[in-house]
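Structural overview
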Amino acid sequence: PVIYVITPTYARPHQKAELTRLKSVFLHVPALHWVVVEDAPHKSQMVSEFLKLSGLTYTHLHQLTPDDWKLKSNDPNWRKPRGVLQRNAGLKWLRRKFMYDGDPRGVVYFADDDNTYSIELFTEMRDTRTVSVWPVGLVGGVMVERPQVSTIGTGPRVTGWLTGWKTNRPFATDMAGFAVNLALLLKKTKVEFSLNSPIGYLESNFLEKLVTLDQLEPKAELCTKVYVWHTRTEKPNMKDEERLRKEGKATNEGIEV
Ligand code: UGA
Ligand code: MN
């Protein structure tokens, strides 16, 4: 099965650094198709060239978040959901592609551009029949959030979630903690992310339209291994750059960073 990795991304000083970290891992993963969706009014030259030279199989899309759904610079980052319309644009592209394409064997994974992904993660998710789940490190105010797995009875199954935060979410996982079978997403033609999900419920609201808890497939050695981390990149200090720019001496004049 092909792994379709959908990544929302937006312009900022460290965007290329983030995309480079992802590329360096994805190049080690066989049969990976990267669907990069820019939150922008058009595809940027930087991302276009970056993808062209990446050596990866990819699709480049763009989908602008309207102004009233964008975070203002002083908003705490949990005020509005991020990447929603971009992930939906990726889903729409997949559904259109497979209207004509015969072979829907695949897996869909939503990979934000700032997280840290291991190669092993992709081995784990490749065989996903419905929705597979695993632990995510450094998220939700704890070292690790993870599915609770019971091995009593017929086979391993997920019975709940170990999280520090909003523990009564039906599917208390971060975006980085699950993958979905492609045929399932193609069958459920209407399922997408919602801008109206209550804060913290983006993933849960999406998953409850696709599966029930007992259908989840626990990966990563019964959810005891951490193969992905919800890292967040520090905003680079541009204090001197702003001064130099005003003096007409931007350090990145004629050079892409
Ligand atoms: C957490 C989750 O890990 C995200 O998957 C979820 O979308 C987000 O919360 C949410 O509540 O909406 P967090 O680290 O806070 O993530 O979010 P970011 O990493 O800042 O953004 C998620 C993705 O959206 C990234 O790939 C980012 O590049 C993209 N994004 C962010 C945009 O496309 N446009 C923006 O204006 C901001
Ligand atoms: Mn993030």
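Treat the numbers as computed from the prediction; the structure is a model and nothing was measured.

This part takes up the overall build of the protein chain. Check the secondary structure of the protein chain and you find eight helices and 12 strands. For the protein chain, whose C-alpha radius of gyration is 19 Å, the value lies close to the compact-globule estimate of 18 Å for 257 residues. The dimensions of the protein chain, computed from C-alpha atoms along their principal axes, are 70 × 45 × 35 Å. Here the protein chain holds 257 residues, and 33% of them are scored as buried. Within the protein chain, counting contacts between residues at least 6 apart in sequence, those at least 24 apart form 75% of the total.

Our focus in this paragraph is the site of ligand 1. By nearness alone, 20 residues border ligand 1, and Asp39, Arg82, Gly83, Asp112 and Met175 come closest of all. At three residues, strand E1 (residues 2-9) tops the list of elements feeding residues into the shell around ligand 1. Looking at the shell around ligand 1 residue by residue, the class counts come to five nonpolar, seven polar and eight charged.

All right, on to the UniProt feature "site: Interaction with galactose moiety of substrate glycoprotein" (unreviewed entry) in the protein chain then. As recorded in UniProt, the sites labelled "site: Interaction with galactose moiety of substrate glycoprotein" (unreviewed entry) are Glu145. Here Glu145 lies in strand E8 (residues 142-150). Residue classification places Glu145 among the buried positions, given that 25 C-beta atoms sit within 10 Å. Not counting chain neighbours up to four residues away, the residues in contact with Glu145 comprise Pro135, Val136, Val139, Gly140, Leu162, Thr163, Thr173 and Asp174.

Counting residues in each nonpolar core, the largest one holds 55 residues, and the members touching the most others are Ile3, Tyr4, Val5, Val107, Val108 and Tyr109. Those residues in contact with Tyr4 that lie beyond four places of it in its chain are His33, Val35, Leu94, Gly106, Val107, Val108 and Leu182.

Strand order in this open sheet of seven strands is E3-E2-E1-E4-E10-E6-E11, and the pairing throughout is mixed. Looking at the sheet topology across the chains shown, the edges are occupied by strand E3 (57-62) and strand E11 (217-218). The pairing of E1 with strand E4 (residues 106-110) spans five bridges and is parallel. Bridged to Ile3 within E4 is Val107.

Reading the values: rules and limits
Residues numbered from 1 in each chain as written. Chains lettered and ligands numbered in written order. Predicted model: local features only at pLDDT ≥ 70, side-chain atom pairs only at ≥ 80, totals over all residues. Helix = DSSP H or I, 4+ residues; strand = E, 2+ residues; numbered from the N terminus. Rg over C-alpha atoms; globule rule 2.2 N^0.38 Å. Buried ≥ 20, exposed ≤ 12 C-beta atoms within 10 Å, placed from the backbone. Contact = placed C-beta atoms within 7 Å. Near = placed C-beta within 6 Å. Nonpolar A, V, L, I, M, F, W, Y, C, P; charged D, E, K, R; others polar. UniProt positions renumbered as here; feature names shortened; annotations may be inferred. Core = buried A, V, L, I, M, F, W, Y, C linked by C-beta atoms within 7 Å. Pairing = 2+ DSSP bridges.

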